[in-house]
Amino acid sequence: MALVTEKKIKIAVNGGINFGAKLNGKQLVVLAKYLDDGEELELTTFQQIYIEVPEERKDQVINEFEEAGLSCYPVGKFVKSLRTCNFCKGSEHEGLPVAKELNKRIAGQPVPFTLKPAYTGCPIGCGEPMINDIGVMKMKDTYTLYIGGKSKGHDARVGTKIIEGLTPEELYDVAEKIISMYSEQGKKREQFYRFVSRIGIDEIRKRVGYSEESLD
Ligand code: SF4
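Residues numbered from 1 in each chain as written. Predicted model: local features only at pLDDT ≥ 70, side-chain atom pairs only at ≥ 80, totals over all residues. Heavy atoms only, no water.

**Q** Run through the site of the ligand, naming residues and quoting values.
**A** Close contacts around the ligand come from C85, N86, F87, C88, E94, T120, G121, C122, I124, G125 and C126, and that covers them all. Of the residues contributing to the shell around the ligand, the split by class is six nonpolar, four polar and one charged. (Near = heavy atom within 4 Å. Nonpolar A, V, L, I, M, F, W, Y, C, P; charged D, E, K, R; others polar.)

**Q** I'd like a description of the nonpolar core, backed by residues and values.
**A** The biggest cluster of nonpolar side chains holds 36 residues, and the ones touching the most others in it are L145, I147, I178, F192 and I204. Put simply, the parts of the chain that give this core at least two residues each are α3 (96-106), β7 (134-139), β8 (142-147), β9 (160-166), α4 (168-185), α5 (192-199) and α6 (201-207). Setting aside residues no more than four positions away along its own chain, I147 makes contact with D133, I134, G159, T160, I162, I178, F192, V196, I201 and I204. Judged by nonpolar contacts, the second largest core, of 14 residues, contains L31, V61, F65 and C72. (Core = buried A, V, L, I, M, F, W, Y, C linked by side-chain atoms within 4.5 Å. Buried < 20%, exposed > 50% of the residue type's maximum accessible area, 1.4 Å probe, protein only. Helix = DSSP H or I, 4+ residues; strand = E, 2+ residues; numbered from the N terminus. Contact = heavy atoms within 4.5 Å.)

**Q** A description of the sheet that holds strand β5 (residues 83-84) should follow, citing residues and the corresponding values.
**A** Taking strand neighbours across the sheet as the criterion, the five strands line up as β5-β6-β7-β8-β9 in an open arrangement whose pairing is mixed. Taken across any chain shown, the strands that pair with only one partner, and hence form the sheet edges, are β5 and β9. One ladder, built from four bridges, connects strand β6 (residues 117-120) with β7; its direction is parallel. Each bridged residue has a counterpart across the sheet, and for T120 the counterpart in β7 is M137. (Pairing = 2+ DSSP bridges.)

**Q** Tell me what's going on with the domain arrangement of the protein, and back it up with residues and numbers.
**A** Here the protein is partitioned into domain 1 (8-74) and domain 2 (83-215). Measuring from the centre of the C-alpha atoms in domain 1 to the corresponding centre in domain 2 gives 26 Å. In this complex, domain 1 contributes 10 residues to the contact, which on the side of domain 2 involves 16 residues. Area buried by domain 1 at its contact with domain 2 is led by I17, F19 and F46, which between them contribute 57% of it. Scanning the region where domain 1 abuts domain 2 turns up zero salt bridges. Taken together, the links from domain 1 to domain 2 amount to three residue pairs in polar contact (both at pLDDT 80 or more). Its residues placed into classes, the side of domain 1 that touches domain 2 shows six nonpolar, four polar and no charged. (Domains from an automatic or database assignment. Buried area = accessible area lost by both parts, 1.4 Å probe. Salt bridge = Lys/Arg side-chain N within 4 Å of Asp/Glu carboxyl O. Polar contact = N/O pair within 3.5 Å; in protein donor to acceptor, adjacent residues only side chain to side chain.)

**Q** A description of α5 should follow, citing residues and the corresponding values.
**A** Three or more residues of α5 are buried, namely F192, Y193, F195, V196 and I199. Buried residues of α5, seen end-on, are gathered within an arc of 160° and therefore sit on one face of the element. The positive-phi residue at the C-terminal boundary of α5 is G200, with phi of around 100°. (Arc of directions from axis to C-beta.)

**Q** Give me the sheet that holds strand β4 (residues 71-74): which residues, what numbers.
**A** Across the sheet, four strands lie side by side as β2-β3-β1-β4; this open sheet has antiparallel pairing. Taken across any chain shown, the strands that pair with only one partner, and hence form the sheet edges, are β2 (42-43) and β4. Relative to strand β3 (residues 49-54), β2 runs antiparallel, the two sharing two bridges. Residue pairing across strands places L43 opposite I49, the latter belonging to β3.

**Q** Before we move on, could you go through the packing of α4 against α5 and cite the residues and values that matter?
**A** Contact geometry of α4 with α5 gives a least axis separation of 11 Å together with a crossing angle of 90°. Comparing the axis directions of α4 and α5 gives the class roughly perpendicular. When α4 is examined against α5, the residues I178, M181, Y182 and Q185 are found in contact with a partner set consisting of F192, F195 and R198. Taken together, the residues of the contact of α4 with α5 break down into five nonpolar, one polar and one charged. (Axes fitted to C-alpha atoms, helices over the stretch in contact; angles between N-to-C directions. Parallel < 35°, antiparallel > 145°, perpendicular 65-115°, else oblique.)

**Q** Explain the layout of surface pockets to me, using residue names and the numbers behind them.
**A** A volume near 390 Å³ is recorded for the largest pocket. Looking at the largest pocket, it is lined by 21 residues, and the ones nearest its centre are F113, T114, K116, K152 and Q191. Residue composition of the lining of the largest pocket, grouped by class: nine nonpolar, seven polar and five charged. Lining the lining of the largest pocket are residues from two domains, each supplying at least three of them: domain 1 (8-74) and domain 2 (83-215). What lines the second largest pocket is a set of 18 residues, and nearest its centre among them are N14, G15, A21, K22 and Q47. Of the residues in the lining of the second largest pocket, the class split is eight nonpolar, nine polar and one charged. For the lining of the second largest pocket, the domains that each give at least three residues are domain 1 (8-74) and domain 2 (83-215). (1 Å grid on protein atoms, 1.4 Å probe; cavity = no way out; pocket = protein on both sides within 12 Å on 5 of 7 lines; lining within 4 Å. Points joined across faces, edges and corners; volume = space filled by probe spheres on them.)

Written out as structure tokens, the structure is:
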């Protein structure tokens, strides 16, 4: 009798936004359930694990993963989950709840090309916000936003500071507006840093309701 193999789909998982990118035993066991002999997990540089799961049972598997405390995201042309620092100075002090809320609002949104957002809880910048598409740095009680960084390639570049002094609500609003603008006005497969260069920092700042005075 011919063996029927289930079609698989790749999803990204991690332990959610927390103190460091960690997984517990229960989470590892539930992931291992979906690894056939010879299959491997792929660990990405963006604090995610790629795993292939049966396409037909995708929703059921995601429920099972989420019950074990894993967060699941689509793979491909979507906003990735927020890369973060380890919040070494404490949750409230470094804005862990803000990072969680930001991730909830933006991760998984469809965009013309995979978009990598990063967050860091203080100016030391362990979360590498400066070299990712959208970077957030907590500065005392407010948030500074950078856009257009690029970590890979011979043309790697540091992002540009676009707005500073943001409250959490302002940060969510601006990040969502910039991502919507990119979704709607980005060309097919146009990378975010190219989109930022094409539209221009000043114009993007203006379109999300801020002026150059929003930089001290
Ligand atoms: S960015 Fe600051 S809060 Fe975050 S891990 Fe580094 S030193 Fe700690």
